[in-house]
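# Fold and contact review
Spelled out from the first residue to the last, the chains are:
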2 protein chains.
Amino acid sequence: MSDRIDVAVIGSGPAGLSAAINAKIRNKSVIVFGYENLSNKLVKAPKINNYLGFYDISGEELKEKFKNHIEAMEIAITKERINAVYAMGEYFTLMVNEKMYEAKTVIIASGMEFTKPLKGEEEFLGRGVGYCATCDAPLYRGKTVTIIGHNREAEEEANYVSELAAKVYYVPMYETNYELNSNIDIIKDKPIEIVGEDMVNKIVLKSTEIDTDGVFVLKDSVSPDQLVPGLEIENGHIKVDRSMKTNIQGCFAAGDCVGIPYQYMKAVGEGQVAALSAVSYISSNHL
Amino acid sequence: MSDRIDVAVIGSGPAGLSAAINAKIRNKSVIVFGYENLSNKLVKAPKINNYLGFYDISGEELKEKFKNHIEAMEIAITKERINAVYAMGEYFTLMVNEKMYEAKTVIIASGMEFTKPLKGEEEFLGRGVGYCATCDAPLYRGKTVTIIGHNREAEEEANYVSELAAKVYYVPMYETNYELNSNIDIIKDKPIEIVGEDMVNKIVLKSTEIDTDGVFVLKDSVSPDQLVPGLEIENGHIKVDRSMKTNIQGCFAAGDCVGIPYQYMKAVGEGQVAALSAVSYISSNHL
């Protein structure tokens with residue numbers, strides 16, 4: 001039980017980081033599942049004038065301020081991808097393909113930049129489909145892997161996988177100068193469906209098909225209701241009350257995923273409230 | 001009509017400033033009623049670790065960051081004290097003793113550090129009782145004025161009044177080394193009631209009485225329902241929905257005055273949401 005985390009935060013954007021620092025200040029153990037660059041949305045912002053205290057700052061600069069803040073508080077970002085979160089009553093199980101975490105509370109701060117699952121993606125999740133290539137790469141030693149990359153970070157993961165796998169196909173969902181090892185085949189095509197029997201054996205694209213043992217879909221985030229079965233959604237957003245409680249006991253949410261306006265300060269405010277609600281939930285239930 | 005302000009913000013703490021910068025970014029005219037030092041609560045904070053982006057910062061330093069931000073955006077703090085806000089249908093009238101402002105929307109961000117009114121205070125407001133001594137001092141040339149000071153800023157106001165009034169009594173509600181002109185009498189006593197007929201003529205304290213022509217109660221803020229007649233209060237806080245709307249059309253609220261937790265990021269987030277709701281209210285009603 002000693003390794004059951006107090007507060008698991010899913011998302012490393014402003015809402016998630018705000019939740020993390022507040023939970024940590026209240027002496028709770030915290031894990032943050034997120035990205036090296038914290039938030040793609042933030043980093044891409046050319047100029048931000050409405051984050052009180054910083055005038056005329058770029059998203060990249062603000063990200064650095066956030067990074068310095070969490071590093072000073074010894075909060076690390078865990079880069080593993082959560083496939084699913086299951087409510088177990090007094091705690092949650094967070095599935096990371098071949099591994100799992102337990103947490104007393106969960107704060108979802110995964111933003112709105114999620115992509116709809118492909119046909120077959122949810123069906124084969126954990127049976128050849130994964131969201132974290134660096135985590136699961138060892139399973140594909142000597143095999144064929146297809147990586148659907150939604151962002152540039154996926155390239156690094158693809159390069160790592162290519163050192164172990166026999167063959168890597170990279171299907172980029174964006175345009176850039178890809179920095180990929182020369183043994184990776186780039187397939188510019190639209191993925192349609194992941195197929196298989198017990199395990200994945202093929203991915204169908206618009207104008208071709210690839211025989212593959214595994215498919216990694218490397219996207220910014222999955223939709224919250226896909227992540228947490230049973231989570232109540234209202235008009236496309238996680239339904240929360242003013243204390244940031246969702247319909248699932250011990251599960252809180254904050255930031256863009258709970259509704260408009262999609263704004264940084266709104267997100268940090270909600271992250272703070274979610275963390276304090278989680279802390280109070282833990283103590284009032286003696287968890 | 002051209003001098004009707006789009007957004008009047010009452011309060012210059014984190015919630016009020018956040019509201020102001022967001023309204024201004026949306027090209028709205030903004031007025032902020034507040035304090036030179038922005039927020040007594042903030043300035044007194046020895047150390048703040050949970051305002052994302054600033055680690056290990058003092059309240060005083062964070063205040064300076066806020067000040068730089070609003071100055072860069074050419075947002076000034078108006079130091080006049082609002083006595084009352086009246087909803088007029090499509091606009092609001094904000095009363096400042098001998099003067100008034102009109103605004104299309106009002107955002108209340110006045111915090112929770114308000115003091116209960118004295119007996120007689122509301123009754124004689126505008127008839128010898130005021131909340132801004134520097135504004136109304138000229139009315140008391142050659143007369144006797146009593147100042148009930150709840151904070152050190154009140155001392156400056158008292159000194160100014162003492163240059164015009166015949167006699168100034170200062171009733172401090174705090175302990176310090178008062179920096180008051182030598183012609184001011186300091187009365188260390190508990191105020192009980194303001195009395196008069198048409199106009200104020202006396203203030204009753206616990207162990208004495210003072211004949212006076214005017215009483216200034218210089219406190220951080222008045223309670224929201226005293227400020228805005230008809231405003232719905234729930235459990236001691238202004239009742240708002242998630243868009244920060246109050247029960248009065250065009251009137252929004254944010255920060256400590258709408259509920260716990262009393263935290264800076266929660267406040268700035270709510271200020272932002274309140275401002276965006278006010279902006280959308282103005283445009284959807286073609287005001």
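The structure presented is a predicted model; accordingly, all values stated were derived computationally and were not measured.

Its volume calculated, the largest pocket comes out at about 1,000 Å³. Lining of the largest pocket is provided by 44 residues; of these, Arg242 and Met244 of chain A together with Arg242, Ser243 and Met244 of chain B occupy positions nearest its centre. Elements supplying a minimum of two residues to the lining of the largest pocket: strand S16 (237-238) and helix H7 (264-284) of chain A together with strand S16 (237-238) and helix H7 (264-284) of chain B. Top contributing element to the lining of the largest pocket by residue count: H7 of chain B, with 9 residues. Residue composition of the lining of the largest pocket, grouped by class: 18 nonpolar, 15 polar and 11 charged.

This part is about the pairing of strand S1 (residues 5-10) of chain B. Regular strands place side chains that alternate from one sheet face to the opposite one. Residues and elements named next belong to chain B. Among the 6 residues in S1, 6 count as buried, and that is most of the element. Note: S1 against strand S6 (residues 99-108), 5 bridges, orientation parallel. Following the sheet pairing, Ile5 is matched in S6 by Ala103. Here S1 pairs with strand S2 (residues 30-33) via 4 bridges, running parallel. Bridge pairing links Ala8 to Ile31 in S2. This β-α-β element, S1 to helix H1 (residues 14-25) to S2, shows right-handed connectivity.

A few words now on the side chain of Ser39 of chain B. Residues and elements named next belong to chain B. Relative to the assigned elements, Ser39 resides in the loop between S2 and helix H2 (40-44). Overall, Ser39 belongs to the buried group, its relative accessible area being 10%. Within the structure, the side chain of Ser39 is placed 2.9 Å from the backbone nitrogen of Leu42, a separation counted as a polar contact. Excluding residues within four positions of it along the chain, Ser39 makes contact with Ser12 and Gly13.

Core analysis: the largest hydrophobic core is formed by 155 residues, its most contacted members being Tyr51 and Leu94 of chain A together with Tyr51 and Leu94 of chain B. Dropping the residues within four chain positions of it, Tyr51 of chain A is found in contact with Leu62, Phe66, Tyr264, Met265 and Val268 of chain A together with Ile21, Tyr51, Leu52 and His69 of chain B.

To continue, consider the domain arrangement of chain A. Residues and elements named next belong to chain A. In terms of domain boundaries, chain A breaks down into domain 1 (5-113 + 221-284) and domain 2 (129-218). One C-alpha centre belongs to domain 1, the other to domain 2, and the line joining them spans 28 Å. Taking both sides of the interface into account, the surface hidden between domain 1 and domain 2 amounts to around 800 Å²; carbon and sulfur atoms contribute 52%. At the junction of domain 1 and domain 2, the tally comes to 0 salt bridges. Its residues assigned to classes, the side of domain 1 that touches domain 2 comprises 3 nonpolar, 5 polar and 5 charged.

It is worth spelling out the relation of the copies chain B and chain A at this point. Here chain B sits on chain A after a turn of 180 degrees about the axis and a move of 0.0 Å along it, with an RMSD of 0.1 Å. Look at the turn and shift together and you get a two-fold axis relating the two. Among all C-alpha atoms of chain B, that of Gly269 of chain B lies closest to the rotation axis, at 2.3 Å. In this assembly, 100% of the residues forming the interface of chain B have copies in chain A that are likewise at the interface, indicating an isologous arrangement.

Here we take up the sheet that holds strand S13 (residues 209-211) of chain B. Residue and element names in this part refer to chain B. Pairing within the open sheet is antiparallel, and its 3 strands lie in the order S11-S12-S13. Edge positions in the sheet fall to strand S11 (191-196) and S13, since each has one partner strand and no second. The average angle at which neighbouring strand axes cross in this sheet is 20 degrees, direction not considered. Where strand S12 (residues 200-205) lies against S13, 3 bridges are found, and the strand directions are antiparallel. Directly across from Ile203, in S13, lies its bridge partner Ile210.

All names here are of chain A. Taken as a whole and assessed by the stated rule, the structure comprises 40 salt bridges over all chains. Measuring nitrogen to oxygen at the nearest pair gives 2.7 Å for the salt bridge that ties Glu36 to Lys79. Residue Glu36 is located in the loop between strand S2 (30-33) and helix H2 (40-44), and its partner Lys79 is located in the loop between strand S3 (77-78) and strand S4 (84-87); the two are separated by 43 residues in the primary sequence. Residue classification places Lys79 among the partly exposed positions, given a relative accessible area of 45%.

The next subject is the interface of chain B and chain A. Where interface size is quoted, it is often the accessible area lost as the parts come together. Listed as interface residues are 35 residues of chain B and, on the opposing side, 35 residues of chain A. When chain B packs against chain A, close to 2,800 Å² is buried across both sides, 66% of that on carbon and sulfur atoms. In this structure, Glu270 of chain B engages Arg242 of chain A in a salt bridge whose closest nitrogen and oxygen atoms are separated by 2.9 Å. Counting only elements with at least two residues in the side of chain B that touches chain A, the list comes to H1, helix H3 (59-72) and H7 of chain B. Looking at which element gives the most residues to the side of chain B that touches chain A, the answer is H7 of chain B, with 9 residues. For the side of chain B that touches chain A, the per-class residue count stands at 20 nonpolar, 9 polar and 6 charged.

Residues and elements named next belong to chain B. By the element assignment, Pro172 lies in strand S9 (residues 167-172). Pro172 sits in the buried class, given a relative accessible area of 9%. Placed 14 residues apart in sequence, Pro172 and Ile186 show a C-alpha to C-alpha distance of 7.5 Å. Not counting residues within four places of it along the chain, the set of residues in contact with Pro172 comprises Gly149, Tyr178, Ile186, Ile187 and Lys188.

The subject of this paragraph is H3 of chain B. Residue and element names in this part refer to chain B. Taking 1.5 Å of rise per residue, 14 residues should cover 20 Å, and H3 covers 20 Å from first to last C-alpha, within 8% of that figure. Residues of H3 that are buried: Gly59, Leu62, Lys63, Phe66, Lys67, His69 and Ile70. Each buried residue of H3 lies within a common arc of 160 degrees when the element is viewed along its axis, so the set occupies one face. Where H3 is buried, its residues touch H1, H2 and strand S3 (77-78). Remark: Glu74 follows H3 within two positions and exhibits a positive phi of approximately 55 degrees.

Moving on to the packing of aromatic side chains. For any pair of aromatic rings, the description rests on two quantities: the centre-to-centre distance and the angle between the ring planes. Tallying each qualifying case throughout the model produces 14 aromatic pairs over all chains. Seen in terms of ring centroids, Tyr140 of chain A and Phe216 of chain A are 5.5 Å apart; in terms of plane orientation they differ by 80 degrees. Their pairing is edge-to-face. Of the two residues, Tyr140 of chain A is situated in the loop between helix H4 (133-136) and strand S8 (144-149) and Phe216 of chain A in strand S14 (residues 214-218); the sequence distance between them amounts to 76 residues. Taken individually, Tyr140 of chain A and Phe216 of chain A each receive the classification buried, so the pair is uniform in this respect. Between the aromatic rings of Tyr51 of chain B and Phe54 of chain B, the centroid separation amounts to 6.0 Å while the plane-to-plane angle is 40 degrees, which identifies the pairing as tilted.

Residue and element names in this part refer to chain A. Structurally, the position occupied by Gly11 is in the loop between strand S1 (5-10) and helix H1 (14-25). Residue Gly11 is classed as buried on the basis of its relative accessible area, which comes to 11%. Separated by 12 residues in sequence, Gly11 and Ala23 place their C-alpha atoms 14 Å apart. Residues in contact with Gly11, not counting those within four places in the same chain, are Gly16, Val32, Phe33, Ala109 and Ser110.

Rules and cut-offs
- Residues numbered from 1 in each chain as written.
- Chains lettered and ligands numbered in written order.
- Predicted model: local features only at pLDDT ≥ 70, side-chain atom pairs only at ≥ 80, totals over all residues.
- Heavy atoms only, no water.
- 1 Å grid on protein atoms, 1.4 Å probe; cavity = no way out; pocket = protein on both sides within 12 Å on 5 of 7 lines; lining within 4 Å.
- Points joined across faces, edges and corners; volume = space filled by probe spheres on them.
- Helix = DSSP H or I, 4+ residues; strand = E, 2+ residues; numbered from the N terminus.
- Nonpolar A, V, L, I, M, F, W, Y, C, P; charged D, E, K, R; others polar.
- Buried < 20%, exposed > 50% of the residue type's maximum accessible area, 1.4 Å probe, protein only.
- Pairing = 2+ DSSP bridges.
- Right-handed = clockwise from strand over helix to strand, strands pointing away.
- Polar contact = N/O pair within 3.5 Å; in protein donor to acceptor, adjacent residues only side chain to side chain.
- Contact = heavy atoms within 4.5 Å.
- Core = buried A, V, L, I, M, F, W, Y, C linked by side-chain atoms within 4.5 Å.
- Domains from an automatic or database assignment.
- Buried area = accessible area lost by both parts, 1.4 Å probe.
- Salt bridge = Lys/Arg side-chain N within 4 Å of Asp/Glu carboxyl O.
- Least-squares fit on C-alpha atoms with pLDDT ≥ 70 in both.
- Axes fitted to C-alpha atoms, helices over the stretch in contact; angles between N-to-C directions.
- Expected span 1.5 Å × (residues − 1).
- Arc of directions from axis to C-beta.
- Phe/Tyr/Trp six-rings, centres within 6.5 Å; stacked < 30°, edge-to-face > 60°.

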